[in-house]
Every structure is written in structure tokens, then in C-alpha cells.
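What the coordinates show
Chain by chain, the residues:
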Amino acid sequence: NAGVTQTPKFQVLKTGQSMTLQCAQDMNHEYMSWYRQDPGMGLRLIHYSVGAGITDQGEVPNGYNVSRSTTEDFPLRLLSAAPSQTSVYFCASSYSTGRSYMNEQFFGPGTRLTVL
Amino acid sequence: ELKVEQNPLFLSMQEGKNYTIYCNYSTTSDRLYWYRQDPGKSLESLFVLLSNGAVKQEGRLMASLDTKARLSTLHITAAVHDLSATYFCAVEPTMNYGGATNKLIFGTGTLLAVQP
């Protein structure tokens, strides 16, 4: 299994440009999520999904869109990039949701995004 | 506002010494996760703590959870240089009716530097 994969690894954008960060997992996990990591702030949840066709907002959703058309893929779209979105973005997935399962999340390698 | 606070934020210790990292949180939860992150790398799951009084050990690391005190600890025994990394705790808040929220709220991390 490849686990959680993310593309690209690095990206530089100009203010106002749009792009999509790709995330895929081959573990048949129900739950997928996107985080951003900024120095001194830990990881903050952007959006998450508990299954195909279901998404919800996290702590910092503004400026980002997501969709989940398949179990495997969970792309993150930046609609109009801003310098404040310069960050490292991590995608994560876990086996299942609900109280009967532990939500141990497995993280992808990350995408380093710089917005000029 | 939900807060997850780790202390210390930075820990420099000598090899062979013992120390504890603390993780306090401000919401109802009986699910807590510890992760390790090496510089420039992704997050690696260390421990999953799913109930009050849970204790997990792996090598020189031991994690515990006290849900009544809303406190988790990560104890390091006889530190070695290979343990140098940033350690994050993450809390999964519990819904009022006891259900899962499927969201992880991360602490800001503890940067551990083990000196020879």
C-alpha cells in the first residue's frame, strides 16, 4: 500500500491564482481531512470528510473548498490564493468514524505552498 | 474556545535523563493521540489513548491519559539523541450525547532536543 499520497510536494503561486492540492489514499479509509501547519501554531483542521459525498468545515475553512466524490480522493482547492495561505498542508485519513473506532489518523508527506 | 496546550514548548535535555511533556485540554474528551514529527517530515502516530487511565508504552516513551483532569503526559525515560523531534498531542472532542466529532485539535507541539 502507498498509504496517503499528496501532490505536488512544493508549489509557488502568485496572489489570486487558484490551484488544487491532491490527496489520495489506498487503505479504504472512510475519514479524510486536510490540515495546515504554520510555525508555532501546530496543525489546524481546514476541512474533513466522513465518507464519499460528505464534507464539513474545520477550524480554518475560509478560502478553501473540498469535495469527496470517491473514497480514495480528497482534493483541496484554493480559490484565490493569498499570502496568508503560505503554509505546509497535510492530508490525513483514518479507518472509520464513530465511537466504536479509534480515529488514529495517518498523514501524507505534505505540500509546501508559498504564495507571493 | 477549545484549547490544547502543551508544555514545555521547547525542551533541551541531556542523554540519559528523564522528562515529561504535558498536554492540557479544555473540552470533554476521552480520546487523545500523540504524534512525532521530524524536521521537514510528516507526522507519525505514536500512541492512541482511548479511555481514562489509559497508559501506553513504546521503548523509552510512555503516554498516559487522565480525562477527569483533562491531562495527558508523555514521559521520556533515559533520553537518547534519536528521540529529538517535535511531539504533538491531539484531542478528539466528544459530542454532548457522547458521539464522536471526528475532529482532531492539535497542541502547538513540543520541540525536544536531546544533547549528547
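Placed above this text is the structure.
An account of the accompanying structure is given in this report.

A word on the nonpolar core
- Membership of the largest hydrophobic core comes to 25 residues, with the highest contact counts inside it found for L32(B), W34(B), L74(B), I76(B), Y87(B) and L112(B).
- The set of elements that each furnish at least two residues to this core consists of β2 (10-14), β3 (19-25), β4 (32-37), β5 (43-49), β7 (61-66), β8 (71-76), β9 (85-91) and β11 (110-115) of chain B.
- Per-element tally for this core: the top contributor is β9(B), with 4 residues.
- In this structure I76(B) touches M13(B), K17(B), N18(B), Y19(B), I21(B), R60(B), L61(B), L83(B) and L112(B), once residues within four positions along its chain are discounted.
- If you look at the next biggest cluster of nonpolar residues, it comprises 18 residues, including M19(A), W34(A), F74(A) and L78(A).

A word on the pattern of salt bridges
Residue and element names in this part refer to chain A.
- The final tally for this structure, using the stated rule, is 4 salt bridges over all chains.
- D38 serves as the salt-bridge partner of R36, at 2.9 Å between the closest nitrogen and oxygen.
- The class of D38 is buried, set by a relative accessible area of 9%.
- A single network of salt bridges, built from pairs that share partners, joins R36, D38 and R44.

Focus: the packing of aromatic side chains
- Tallied over the full model, the rule gives 9 aromatic pairs over all chains.
- Taken together, a centroid distance of 5.6 Å and an interplanar angle of 40° make the contact between Y35(A) and F107(A) tilted. Linking Y35(A) in strand β4 (residues 31-37) with F107(A) in strand β10 (residues 106-107), this pair joins segments that are 72 residues apart in sequence.
- Ring centres 6.3 Å apart and planes at 80° place the aromatic pair F88(B) and F106(B) in the edge-to-face group. Separated by 18 residues along the polypeptide, F88(B) in strand β9 and F106(B) in strand β10 (residues 105-106) bring together distant segments of the chain.

Some details on the sheet that holds β3(B)
Residues and elements named next belong to chain B.
- The strand order across the open sheet formed by 5 strands is β1-β3-β8-β7-β6, and the pairing between neighbours is antiparallel. With one partner strand each, in any of the chains shown, β1 (4-7) and β6 (55-58) form the two edges of the open sheet. Across the sheet, the mean angle from the axis of one strand to that of its neighbour is 15°, orientation sign disregarded.
- Bridging between β1 and β3 involves 4 bridges; their strand directions are antiparallel. The residue of β3 that forms the bridge with V4 is Y25.

Observations regarding the state of the cysteines
- Going through the model one piece at a time under the given rule, you end up with 2 disulfides over all chains.
- In this model, C23(A) is linked to C91(A) through a disulfide, with the two sulfur atoms separated by 1.8 Å. Here the disulfide of C23(A) and C91(A) is left-handed, its torsion about the S-S bond being about -70°. Placement of C23(A) in strand β3 (residues 19-25) and of C91(A) in strand β9 (residues 87-94) is noted, with a sequence separation of 68 residues between them. Both residues of the pair, C23(A) and C91(A), count as buried.
- Put simply, C23(B) and C89(B) are joined by a disulfide, and their sulfur atoms are 2.0 Å apart.

Looking at the layout of surface pockets
- Size it by volume and the largest pocket reaches roughly 540 Å³.
- As for the largest pocket, its lining consists of 27 residues, and the residues nearest its centre are Q37(A), R112(A), Q37(B), G40(B) and K41(B).
- At the level of elements, β9 and β11 (111-115) of chain A together with β9 and β11 of chain B are the ones that each hand at least two residues to the lining of the largest pocket.
- Residue composition of the lining of the largest pocket, grouped by class: 11 nonpolar, 11 polar and 5 charged.

Section: unusual backbone geometry
Residue and element names in this part refer to chain A.
- For the bond from T7 to P8, the omega torsion is -10°, close enough to zero to count as cis.
- Looking at the element boundaries, P8 is found in the loop between β1 (4-7) and β2 (10-13).
- One non-glycine residue, N28, lies in positive phi territory at about 60°.
- With respect to the helices and strands, N28 occurs in the loop between β3 and β4.

Some points on the interface of chain A and chain B
- At the junction of the two partners, chain A supplies 26 residues and chain B supplies 26 residues.
- Buried area between chain A and chain B, both sides added, is near 2000 Å², and the carbon and sulfur share of it is 53%.
- At the boundary of chain A and chain B, one finds 0 salt bridges.
- Along the contact surface separating chain A from chain B lie 4 residue pairs in polar contact (both at pLDDT 80 or more).
- Sorting the residues of the side of chain A that touches chain B by element identifies β4 and β5 (43-51) of chain A as the ones contributing at least two each.
- Among the elements that make up the side of chain A that touches chain B, the one with the highest residue count is β5(A) (4 residues).

Cut-off values and rules
Residues numbered from 1 in each chain as written. Chains lettered and ligands numbered in written order. Predicted model: local features only at pLDDT ≥ 70, side-chain atom pairs only at ≥ 80, totals over all residues. Heavy atoms only, no water. Core = buried A, V, L, I, M, F, W, Y, C linked by side-chain atoms within 4.5 Å. Buried < 20%, exposed > 50% of the residue type's maximum accessible area, 1.4 Å probe, protein only. Helix = DSSP H or I, 4+ residues; strand = E, 2+ residues; numbered from the N terminus. Contact = heavy atoms within 4.5 Å. Salt bridge = Lys/Arg side-chain N within 4 Å of Asp/Glu carboxyl O. Phe/Tyr/Trp six-rings, centres within 6.5 Å; stacked < 30°, edge-to-face > 60°. Pairing = 2+ DSSP bridges. Axes fitted to C-alpha atoms, helices over the stretch in contact; angles between N-to-C directions. Disulfide = S-S within 2.5 Å. 1 Å grid on protein atoms, 1.4 Å probe; cavity = no way out; pocket = protein on both sides within 12 Å on 5 of 7 lines; lining within 4 Å. Points joined across faces, edges and corners; volume = space filled by probe spheres on them. Nonpolar A, V, L, I, M, F, W, Y, C, P; charged D, E, K, R; others polar. Buried area = accessible area lost by both parts, 1.4 Å probe. Polar contact = N/O pair within 3.5 Å; in protein donor to acceptor, adjacent residues only side chain to side chain.

The values are spatial; any link to function lies outside them.
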